[in-house]
Amino acid sequence: RYQLFLPPSASSPGYLRDSNDALCKEQLLGTMLKGFTGSAAFAILGYGTCSSVLLILNKLAVHLLPAPMFVLLAQVTCSWVAVKVCGLLGFIEVDELE
């Protein structure tokens, strides 16, 4: 059994109940999800998906082409081109290099 020791505040009075207490879990979840939007969920899922896929593709690329520095150069170049094109098309705002 674990105890939840979150500091009480105006919106979350007293979380010092047993972790199996349903009310405690409901209050904790409500506090954690306050201000959580669909766009945040999309960003989290998108980031996780992209990271997982890129990890697998990196392993595959280095396995099939045993030249890791070339793979790195190709990845950085493709990233630069993608950011540049998205910036030119107005999809994103790209800061100038200093």
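These numbers come from a predicted model, not from an experiment.

What follows is about the overall build of the protein. Scanning the protein for helices and strands turns up 3 helices and 0 strands. Starting at the N terminus and ending at the C terminus, the protein contains elements arranged as α-α-α. Residues classed as buried in the protein amount to 6% of the 98 residues present. Counting contacts in the protein only where the partners sit at least 6 residues apart, residues at least 24 apart contribute 3% of the total. As presented, the protein carries roughly 8500 Å² of accessible surface, and 72% of it is formed by carbon and sulfur atoms.

This part is about a negative patch on the surface. A contiguous patch of negative charge, built from Glu93, Asp95, Glu96 and Glu98, is present on the exposed surface. Along the chain, Glu93 turns up in the segment after helix H3 (68–88). Glu93 sits in the exposed class, given a relative accessible area of 76%.

Attention now moves to H3. A rise of 1.5 Å per residue sets the reference length of H3, with its 21 residues, at 30 Å; its end C-alpha atoms lie 30 Å apart and thus fit the reference within 8%. At the exit of H3 stands Gly90, carrying a positive phi of roughly 85 degrees.

This paragraph deals with the confidence of the model for the protein. Summary statistics for the protein give a mean pLDDT of 79 and a share of 65% for residues scoring 70 or more. Least confident of the elements in the protein is helix H1 (residues 22–33), whose mean pLDDT is 66; most confident is H3, at 93.

The subject of this paragraph is a nonpolar patch on the surface. Where nonpolar side chains cluster on the molecular surface, the patch consists of Val53, Leu54, Leu57, Leu60, Leu64, Leu65, Phe70 and Leu73 and spans about 790 Å² of accessible area. Those elements giving two or more residues to the nonpolar patch turn out to be helix H2 (38–64) and H3. When residues in the nonpolar patch are grouped by element, the largest group, 5 residues, is from H2. Following the sequence through the fold, Leu65 ends up in the loop between H2 and H3. When its relative accessible area of 38% is taken as the criterion, Leu65 is described as partly exposed.

Conventions we followed
- Residues numbered from 1 in each chain as written.
- Predicted model: local features only at pLDDT ≥ 70, side-chain atom pairs only at ≥ 80, totals over all residues.
- Heavy atoms only, no water.
- Helix = DSSP H or I, 4+ residues; strand = E, 2+ residues; numbered from the N terminus.
- Buried < 20%, exposed > 50% of the residue type's maximum accessible area, 1.4 Å probe, protein only.
- Contact = heavy atoms within 4.5 Å.
- Areas by Shrake-Rupley, 256 points an atom, 1.4 Å probe, with all protein chains shown as cover.
- Patch = residues over 30% accessible without salt bridge, like charges linked within 9 Å, V, L, I, M, F, W, Y side chains within 5 Å.
- Salt bridge = Lys/Arg side-chain N within 4 Å of Asp/Glu carboxyl O.
- Lys, Arg positive; Asp, Glu negative; His and termini not counted.
- Charge placed at Lys NZ, Arg CZ, Asp CG, Glu CD.
- Expected span 1.5 Å × (residues − 1).
- pLDDT = per-residue confidence, 0-100.

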